[in-house]
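Descriptive analysis of the structure
Residues per chain, in single letters:
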There are 2 protein chains.
Amino acid sequence: MVFKGQAEYSVDSKGRVSIPAKMRGVLNPEAQNTFTITRGFEECIFLYPLDQWAEIEEAIGALNMFNPDARTFVRAIMMWADEATLDGQGRVTISRPLLDFADVDGRALIIGAFDHIEIWDPDRFDEYMDQQPDDYETLAERVMNM
Amino acid sequence: MVFKGQAEYSVDSKGRVSIPAKMRGVLNPEAQNTFTITRGFEECIFLYPLDQWAEIEEAIGALNMFNPDARTFVRAIMMWADEATLDGQGRVTISRPLLDFADVDGRALIIGAFDHIEIWDPDRFDEYMDQQPDDYETLAERVMNM
DNA sequence: GGAGCACTCCCCACTTTTCCCCACGCATCT
DNA sequence: AGATGCGTGGGGAAAAGTGGGGAGTGCTCC
């Protein structure tokens, strides 16, 4: 189960976003057509299939809640988390707070990112890519040689 | 049973706060729709389902009461503790002293924090998050030691 | 010891939001 | 050219949040 590809779809007045059929097609049955959706890194939204999210929850549950940093992190990730099941048309509803957080409004860029799906405001994604100091080739060399 | 999500609800004149339906839905039957409510860390209110609280009581019971720090900690956590059962509308009543402690008045921010629920004054929560020296991405890298 | 007061708990009614279903238009494939 | 699959929009039913009222209980003061 690997998500790939991109699409720019609309976000309607109810906060609904279609998930590309290509990405729906690779979901495991265990995911039950349901995602855990939460804030991502760099101001985007993450969608994890339910089965994939279970591993992340396990890691969070192992944290020591008497550590202040751990508490801050757990609050920051869990407060944005929500479960959303695909409706009959293959869409998920994203809560207003999350859309505001990612500055998504009207149109959304949907990216397949291996084990999860990302939703970006199209303009914000362009800015993010422009800000990256290294080009694709340099990045590839550094990351893939680790 | 994992609590997640956020909501900003009202606190009425009787100190009642609605618990979001999403969070009520994940309660174990053993919790009997009842929470142990006590002071939290960083000036908020903690709500532990009854079954989850049992584990904390066990840990407290194992403390060495001949240690002065242990005695102070036990006093501080237990003196605020109270039990509250959901009413027919899915609300809990929070005692005036606890509301004063967390500076909650009028409106409350309710956060799912994995094994418990937290209730914050919205402004105070913003301040808390602003005070964090590290951003979300840095925190995640350190806490999850990825 | 009894009456009155205050508090708490439970129930009812209203308003808003959410969820689910149906219908349309466009593109693609046969 | 028709049929099928996919993205988009809207409406109605059900659930969720909010506020107020009334009965029962315990306390205090007379």
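Coordinates for the structure precede this section.
As the structure is a prediction and not an experimental result, all values here were calculated from the model. (Residues numbered from 1 in each chain as written. Chains lettered and ligands numbered in written order. Predicted model: local features only at pLDDT ≥ 70, side-chain atom pairs only at ≥ 80, totals over all residues. Heavy atoms only, no water.)

Residue and element names in this part refer to chain B. If you walk across this open sheet you meet the 6 strands as β1-β7-β8-β4-β3-β5, and the pairing is antiparallel. Lying at the two open borders of the sheet, with one neighbouring strand each, are β1 (6-10) and β5 (82-85). Strand-to-strand, the axes of this sheet are offset by a mean angle of 30°, without reference to chain direction. Here strand β3 (residues 34-39) runs beside strand β4 (residues 45-49); their pairing, made up of 5 bridges, is antiparallel. Paired with threonine 38 across the two strands is phenylalanine 46, which belongs to β4. (Pairing = 2+ DSSP bridges. Helix = DSSP H or I, 4+ residues; strand = E, 2+ residues; numbered from the N terminus. Axes fitted to C-alpha atoms, helices over the stretch in contact; angles between N-to-C directions.)

A word on the pairing of β4(B). Residues and elements named next belong to chain B. For β4, a buried count of 5 out of 5 residues is recorded, marking the element as mostly surrounded by other parts of the structure. Burial along β4 is two-sided: Ile45, Leu47 and Pro49 and Phe46 and Tyr48, pointing in opposite directions, are all buried. In this structure, β4 lies alongside strand β8 (residues 116-120), joined through 3 bridges in antiparallel fashion. Residue pairing in the sheet places phenylalanine 46 in a bridge with glutamate 118 of β8. (Buried < 20%, exposed > 50% of the residue type's maximum accessible area, 1.4 Å probe, protein only.)

On the side of chain A, 28 residues touch chain B, which itself brings 27 residues to the contact. Taken together, the two surfaces of chain B and chain A that pack against each other cover about 2500 Å², and 67% of this comes from carbon and sulfur. The three residues of chain B that bury the most area against chain A are Lys4(B), Phe114(B) and Tyr136(B), which together make up 29% of that side's buried surface. Summed over the shared surface of chain B and chain A, the number is 7 salt bridges. As a salt-bridge pair, Arg71(A) and Glu42(B) come within 2.8 Å of each other at their nearest N and O atoms. Contributing elements (two or more residues each) for the side of chain B that touches chain A: β7 (107-113), β8, α5 (122-131) and α6 (136-143) of chain B. Here the side of chain B that touches chain A takes 6 residues from α6(B), the largest share from any one element. Here the residues of the side of chain B that touches chain A sort into 17 nonpolar, 4 polar and 6 charged. (Contact = heavy atoms within 4.5 Å. Buried area = accessible area lost by both parts, 1.4 Å probe. Salt bridge = Lys/Arg side-chain N within 4 Å of Asp/Glu carboxyl O. Nonpolar A, V, L, I, M, F, W, Y, C, P; charged D, E, K, R; others polar.)

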